Amino acid sequence: MSKSFDVIVIGGGPGGYIAAIRAAQLGLKTACIDDWSTLDGKPALGGTCTNVGCIPSKALLQSSEHYDHAVHSFAEHGIRVKGLGLDLAQMLARKEKVVAQNNDGIVFLFRKNKIESFHGRGSLVKGGAAGWEVRVSGKSEEILAAKHVIVATGSSPRALPGADFDHKLILDNAGALAIPEVPKRLGVIGAGVVGLELGSVWRRLGADVTILEALPDLLGAADEQIAKEASRAFAKQGLAIHTGVNITKVTARKSVTVEYTDSAGAVQSATFDKLIVAIGRVANTRGLNAEAVGLKLDARGCIEVDDECRTNLPNVWAIGDVVRGPMLAHKAEEEGVAVAERIAGRHGHVDFNTVPWVIYTAPEIAWVGKTEQQLKAAGVGFRAGTFPFMANGRARALGDTTGMVKILADASTDRILGVHIIGPMASELIAEAVVAMEFSASAEDIALICHAHPSLSEAVKEAALAVDKRALNL
Ligand code: FAD
Ligand code: NAI
């Protein structure tokens, strides 16, 4: 007889493993099926995020930032380093260790919560009033039964038409995190989040980085003022970013040649030692048996869900990168928790208006809520307050004064509508803004809160004061 569960989660990334933990915490008998393997074939829970996404990219961003500081900033702090060198093999090994610690952490959490883990590919078999069957195809094949199925199968990198990933010269995000030697000339197609973060890593380690972006403007989703500041900072770091390009041909032999037309329509060609293609991601639905069981997909190939992550099939839910909305680990996690709550008969809630975005470049870029352009387009009256890190004591002590905090508040109620930060530790500072917006705070509320001195968070308070034109330190 097949093993039976209250909930089967297909996919062990941040959406799936968090959904499984919450379901188990709520007393539901839970299984999680995941097919990710290490190079030597062992299970590696955590999905894209843990294995080839958030965690390894942040490990390399940190290591490369230390190296960059040692090369460029230590002398100013009065620190002399002789014989400074780059041990890339050690840097990559450390990154792998950080990944493995996270893989092991999830195994521990599964054991602690009595979640049964299956290594293999899960596919839906049939549905009925009593529930679902899911086939696990791994080393052996097995059929599991459950009342509810949560599909959390994530996403995969999109290939550039005519330039398939060969994983030697044309790399996806996994390859871009494991280049064994710093390439002299690195090309990146796509100035999105992956392109900017991983382009920064290799630039700091000494590569000549050229990023080719199809859209006319960089960081189209960010507030324009912040995007302009970011462009200036990236240019200063030596990232050559060309926008408005149209890639016409990619030829990979010993090196990779990219032919394209530039924003003025002129024909251009560039040759690179490695090419990273980072032009977005596609939902993982292959192998789920979606068509046979009648699971509906939307026009973009994502699993179609309602606001509460219900698919068109009874008791089949879908969360994370495989459904609509931003492809972010924390969004996947929130959906996972909310679905587990709903299955347990409780109230699950995700506020999509306050999902923060962070780009871990230097300077970091983070935002939540609406941009100035969105408010103007919607005809919403607002007041803006900005405060530069140049005027913040902690930023000066850190030697990291690029950027600003910008707060947009409703012109009549003062309610905060958007917060945009570019600068040191923007990824941490944005949390205060998310909390404030969740509690419907006004700019004045933040302005009235005592912030520790000297701290970067004082720039948030000062930006809130600036909404009322009364910043103190400017
Ligand atoms: P995934 O993490 O993709 O996990 C899905 C899992 O399901 C995988 O293990 C997959 O192999 C498995 N699977 C697929 N099909 C099946 C099947 N049929 N049976 C069994 N298993 C299956 N987001 C952030 O919020 N912050 C960041 O800093 C960040 N950095 C990133 C950096 C990079 C380089 C990349 C590529 C992405 C980054 N992201 C980041 C995005 C983040 O990784 C994703 O949004 C997140 O992983 C989505 O989680 P998920 O659980 O939906 O899917
Ligand atoms: P992306 O959607 O962020 O950016 C892709 C870029 O490629 C866009 O600017 C797009 O205009 C451009 N592009 C598309 N086709 C092109 C073409 N033919 N030629 C040139 N440019 C082209 O996608 P990316 O960077 O691959 O990342 C995927 C997702 O992973 C992101 O959307 C994000 O959700 C997630 N992610 C999140 C991170 C974070 O939260 N810090 C870090 C990295 C990834």
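Residues numbered from 1 in each chain as written. Chains lettered and ligands numbered in written order. Predicted model: local features only at pLDDT ≥ 70, side-chain atom pairs only at ≥ 80, totals over all residues. Heavy atoms only, no water.

Q: Honestly, the overall build of the protein chain in this entry has me stumped. Any pointers?
A: The secondary structure content of the protein chain amounts to 14 helices and 22 strands. Radius of gyration (C-alpha) of the protein chain: 24 Å, near the 23 Å computed for a compact globule of 474 residues. In terms of overall dimensions, the protein chain has a C-alpha envelope of 70 × 60 × 45 Å along the principal axes. The buried share of the protein chain, taken over its 474 residues, is 49%. Excluding contacts between residues fewer than 6 apart, the proportion of contacts in the protein chain whose partners are at least 24 apart in sequence is 62%. For the protein chain, the exposed area adds up to about 22,600 Å²; of that, 52% sits on carbon and sulfur atoms. Here the protein chain contributes 50 positive and 53 negative side-chain charges, whose respective centroids are spaced 4 Å apart. (Helix = DSSP H or I, 4+ residues; strand = E, 2+ residues; numbered from the N terminus. Rg over C-alpha atoms; globule rule 2.2 N^0.38 Å. Buried < 20%, exposed > 50% of the residue type's maximum accessible area, 1.4 Å probe, protein only. Contact = heavy atoms within 4.5 Å. Areas by Shrake-Rupley, 256 points an atom, 1.4 Å probe, with all protein chains shown as cover. Lys, Arg positive; Asp, Glu negative; His and termini not counted. Charge placed at Lys NZ, Arg CZ, Asp CG, Glu CD.)

Q: Where do I start with the sheet that holds strand 19 (residues 364-369) in this structure?
A: To summarise the sheet geometry, strands pair through backbone hydrogen bonds and adopt either a parallel or an antiparallel arrangement. Pairing is antiparallel in the open sheet, where five strands are placed in the order 18-19-22-21-20. The sheet is open, and its two borders are formed by strand 18 (357-359) and strand 20 (382-388), each paired with just one other strand. Averaged over all adjacent pairs, the angle separating strand axes in this sheet is 10°, with direction ignored. Sheet topology note: the strand 20/strand 21 (residues 404-410) ladder contains seven bridges and is antiparallel. Residue pairing in the sheet places Thr386 in a bridge with Lys406 of strand 21. Against the sheet, helix 12 (residues 426-438) engages strand 18, strand 19 and strand 22 (416-423), with an angle of about 10° to strand 19. Across the sheet, helix 14 (residues 458-467) touches strand 20 and strand 21, and the angle it forms with strand 20 is around 140°. (Pairing = 2+ DSSP bridges. Axes fitted to C-alpha atoms, helices over the stretch in contact; angles between N-to-C directions.)

Q: Help me understand the site of ligand 2 in this model?
A: Near ligand 2 you find 22 residues, and of these Val194, Glu197, Glu213, Met327 and Val358 are the closest. Within the contact set of ligand 2, a nitrogen atom lies 3.1 Å away from a backbone nitrogen or oxygen of Ala214. Burial of ligand 2 by the protein chains amounts to 75% of its free accessible area of 840 Å². Secondary-structure elements contributing two or more residues to the shell around ligand 2 are helix 6 (193-204) and strand 18. The residue inventory of the shell around ligand 2, partitioned by class, reads 15 nonpolar, three polar and four charged. (Near = heavy atom within 4 Å. Polar contact = N/O pair within 3.5 Å; in protein donor to acceptor, adjacent residues only side chain to side chain. Nonpolar A, V, L, I, M, F, W, Y, C, P; charged D, E, K, R; others polar.)

Q: Hey, could you run me through the domain arrangement of the protein chain in this one?
A: By convention, interface size is frequently given as the accessible area that disappears when the constituent parts associate. Structurally, the protein chain comprises domain 1 (3-157 + 282-350), domain 2 (170-279) and domain 3 (355-467). Computed over C-alpha atoms only, the centres of domain 1 and domain 2 are separated by 28 Å. Contacts between the two partners involve 18 residues from domain 1, matched on the other side by 16 residues from domain 2. Between domain 1 and domain 2 lies a buried interface of about 1,300 Å² when both sides are counted; carbon and sulfur atoms form 69% of it. Of all residues in domain 1, Val52, Leu61 and Leu88 give up the largest surface area on contact with domain 2, accounting jointly for 33% of the area buried on that side. Lys58 is the salt-bridge partner of Glu197, the closest N and O atoms lying 2.8 Å from each other. Secondary-structure elements contributing two or more residues to the side of domain 1 that touches domain 2 are helix 2 (47-52), helix 3 (54-72) and helix 4 (88-112). (Domains from an automatic or database assignment. Buried area = accessible area lost by both parts, 1.4 Å probe. Salt bridge = Lys/Arg side-chain N within 4 Å of Asp/Glu carboxyl O.)

Q: Please explain the sheet that holds strand 8 (residues 170-171) as it appears in this structure.
A: On the basis of which strands lie adjacent, the open sheet formed by five strands has the order 8-15-9-10-11 and parallel pairing. Each edge of the open sheet carries a strand with a single partner, namely strand 8 and strand 11 (240-242). Sheet analysis places strand 8 next to strand 15 (residues 274-277), joined by two bridges and oriented parallel. Looking at the pairing, Leu171 lines up with Ile276 of strand 15.

Q: I tried to follow unusual backbone geometry on my own but got confused; where do I start?
A: Negative phi characterises most residues that are not glycine, and trans characterises most peptide bonds. Here Ala362 and Pro363 are connected by a cis peptide whose omega angle stands at 0°. Counting through the fold element by element, Pro363 comes out in the loop between strand 18 and strand 19. His453 connects to Pro454 through a cis peptide bond whose omega is -10°. Mapped onto the fold, Pro454 is located in the loop between helix 13 (443-448) and helix 14. One non-glycine residue, Asn315, adopts positive backbone phi at about 60°. Relative to the assigned elements, Asn315 resides in the loop between helix 8 (290-293) and strand 17 (316-318).

Q: Hey, could you run me through the nonpolar core in this one?
A: One recurring pattern in soluble globular proteins: nonpolar side chains tend to sit buried together. Judged by nonpolar contacts, the single largest core of 37 residues is most densely connected at Leu186, Trp202, Leu219 and Ile365. For this core, the secondary structure elements donating two or more residues are helix 3, helix 4, strand 9 (185-189), helix 6, strand 10 (208-212), helix 7 (224-236) and strand 19. Ranked by size, the runner-up nonpolar core spans 31 residues in total, among them Ala366, Ala409, Ile430 and Ala459. (Core = buried A, V, L, I, M, F, W, Y, C linked by side-chain atoms within 4.5 Å.)

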